Amino acid sequence: MKYDSITEVIGDTPLVRVAPEVHGLRNIDLYAKMEMLNPFGSVKDRPAWNMARAGLAAAVERGDSIVELSSGNTAKALAVIAAMNGLPFKSVTNRMKVPEIKDLLLLLGAQIEELPGQTECLDPTDTEDPLTRMYRMLSEEGSGYLHTDQYFNPLNMDAHHGGTGPEIIKDLDGRGPDHFIACVGTAGSSSGVAAALRENNPGVDIVGLVANKSDFIPGIRNIDEVNEVGLFDPNTYDTIESVTAQEAIDGMLTLNRRCGMLGGPTGGAAYFGAVRYLKTIDESLTERKTAVFIVCDRVESYMSYVRQRRPELLNQPARANSVASLTETEVAAAKTVDVAQARQWIAESRPLIVDLRGSFAYAALHIEDSVNIVDELFDELVHGGLPFGASKPVLLVCPVGEKSARYAALLTRMGHKDVRSLRGGVVAWRDASAPLVRD
Ligand SMILES: Cc1ncc(COP(=O)(O)O)c(C=O)c1O
């Protein structure tokens, strides 16, 4: 196999059968579409190249920068493509959550611009997401940017409609699978493959997987966010199910250790979600069926992710005082206060107010006299024990009141006497027109 350019190596990834003794399904042949074997390492190589290639010559002529709202695999692929063509690449993102990918982007010469999300509530009079404003600016004619626009660009989906989907059908000797299971990020891969499979077999069953509420699986949306994605159409999927971060890691371990497939957490989520979903169908089958899931990228980029959630896998002691260990009952029992109650409590008892949002959002506006300890840092602090006296009243504040409730539950378990979470977070505070200050 000889090629003139690495971009020609994108696509034509193998379809590999998972051994029945691993998945335990008796009547279903389960195959992994190995998108992790694309040259830049993921399923996003295809759309990145498909979205960028048409505008590349003009961008080189004008000296434009390639820009994308991505902190993960799309950014990685575009950073390589930009660098190969001598163009700058800028990744615009809410928060860079995977340190290995951030480092790799920097290594590739990318610029990273981190912006707060809407729920972090930058400006109380502004209901528009800073990313949305940025997005509009990027798309203006003559902006100096080649904006690949993965959340709305049909070329994202087309890369899979014309590539990934037909490859699966070809490898299954012309008859597409009965079930297709994929994680949903921009929804490009699942929708594109689904369209190709439906043209081949209108009866194909399409399962979309998202992260469980308040769980983070890098690269995909959670159940609350999925409707916000431009390319997402609920009619694409026969079923949408959620997978927890722990289940994704379990699935990943099976792929890594038992199948020799070095896929990352979304590959693991897809495997776990596929087997869980197919088990119930398998039991009543009387004929053989075929199912395919996608292994999106490789495990190596997720060591910090694994270390945080399953330190024992990396020979490290279990993390003490972790929110991941809370039960839903503990979270539900956390003390919360609405805005009016919080204001009264602040006036009477002067609790320490801890704002868990990102520093950008805090710097823009916050509750007077609050201190900013961004959630990742707070997480580190509580591993070492209570970061303040057990009797000092504490009000925890986050964007919408979900994270703060979890930390309130954790601190309560750790012996704190009076910690409360602001219900609805800074967004509720803003909506109640309670005062916010800027230093
Ligand atoms: C690791 C990983 N898995 C899965 C996906 C989902 O792909 P899509 O954007 O096509 O829905 C992404 C998307 O960025 C990803 O980075």
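Rules used in this analysis
Residues numbered from 1 in each chain as written. Predicted model: local features only at pLDDT ≥ 70, side-chain atom pairs only at ≥ 80, totals over all residues. Heavy atoms only, no water. Axes fitted to C-alpha atoms, helices over the stretch in contact; angles between N-to-C directions. Helix = DSSP H or I, 4+ residues; strand = E, 2+ residues; numbered from the N terminus. Parallel < 35°, antiparallel > 145°, perpendicular 65-115°, else oblique. Left-handed = near helix turned anticlockwise from the far one by under 90°. Contact = heavy atoms within 4.5 Å. Nonpolar A, V, L, I, M, F, W, Y, C, P; charged D, E, K, R; others polar. Salt bridge = Lys/Arg side-chain N within 4 Å of Asp/Glu carboxyl O. Buried < 20%, exposed > 50% of the residue type's maximum accessible area, 1.4 Å probe, protein only. Pairing = 2+ DSSP bridges. UniProt positions renumbered as here; feature names shortened; annotations may be inferred.

1. Notes on the packing of helix 2 (residues 45–62) against helix 3 (residues 73–84)
Stage number 1. Across the interface, helix 2 lies against helix 3 with an axial gap of 9 Å and an inter-helix angle of 40 degrees. Between helix 2 and helix 3, the angle is such that the two are oblique. For helix 2 against helix 3, the interelement crossing comes out right-handed. Here helix 2 contributes Asp45, Ala48, Trp49, Met51, Ala52 and Leu56 to the contact with helix 3, which in turn contributes Thr74, Ala77, Leu78 and Ile81.
Stage number 2. Among the residues making up the contact of helix 2 with helix 3, the classes are represented as 8 nonpolar, 1 polar and 1 charged.

2. Considering the pattern of salt bridges
Stage number 1. Applying the stated rule across the entire model yields 23 salt bridges.
Stage number 2. For the salt bridge of Arg198 with Asp238, the shortest nitrogen-to-oxygen distance reads 3.3 Å. Residue Arg198 is located in helix 7 (residues 188–200), and its partner Asp238 is located in the loop between strand 8 (205–211) and strand 9 (239–243); the two are separated by 40 residues in the primary sequence.
Stage number 3. A residue is classified by how much of its surface remains accessible, and Arg198, at 25% relative accessible area, is partly exposed.
Stage number 4. Linking Glu300 and Arg298 is a salt bridge whose minimum nitrogen-to-oxygen distance equals 3.1 Å.
Stage number 5. For Glu300, a relative accessible area of 40% corresponds to the partly exposed category.

3. Quick word on the sheet that holds strand 4 (residues 89–93)
Stage number 1. What the 4 strands build is an open sheet, ordered 5-4-3-6; its pairing is parallel. Since the sheet does not close on itself, it has two edges, and those belong to strand 5 (111–114) and strand 6 (145–147), each with one partner. Recorded for the sheet is a direction-independent mean angle of 25 degrees between the axes of neighbouring strands.
Stage number 2. Alignment of strand 4 against strand 5, held across 4 bridges, turns out to be parallel. Of the residues in strand 5, the one forming a bridge with Val92 is Glu113.
Stage number 3. Along the sheet, helix 3 contacts strand 3 (65–68) and strand 4; its crossing angle with strand 4, the most-contacted strand, is approximately 165 degrees.

4. Focus: the UniProt feature "domain: Rhodanese" (unreviewed entry) in the protein
Stage number 1. As annotated in UniProt, the feature "domain: Rhodanese" (unreviewed entry) corresponds to residues 347–438 in the numbering used here.
Stage number 2. Overall, residues 347–438 shows 40% helix and 15% strand. The separation of its end C-alpha atoms is 20 Å.

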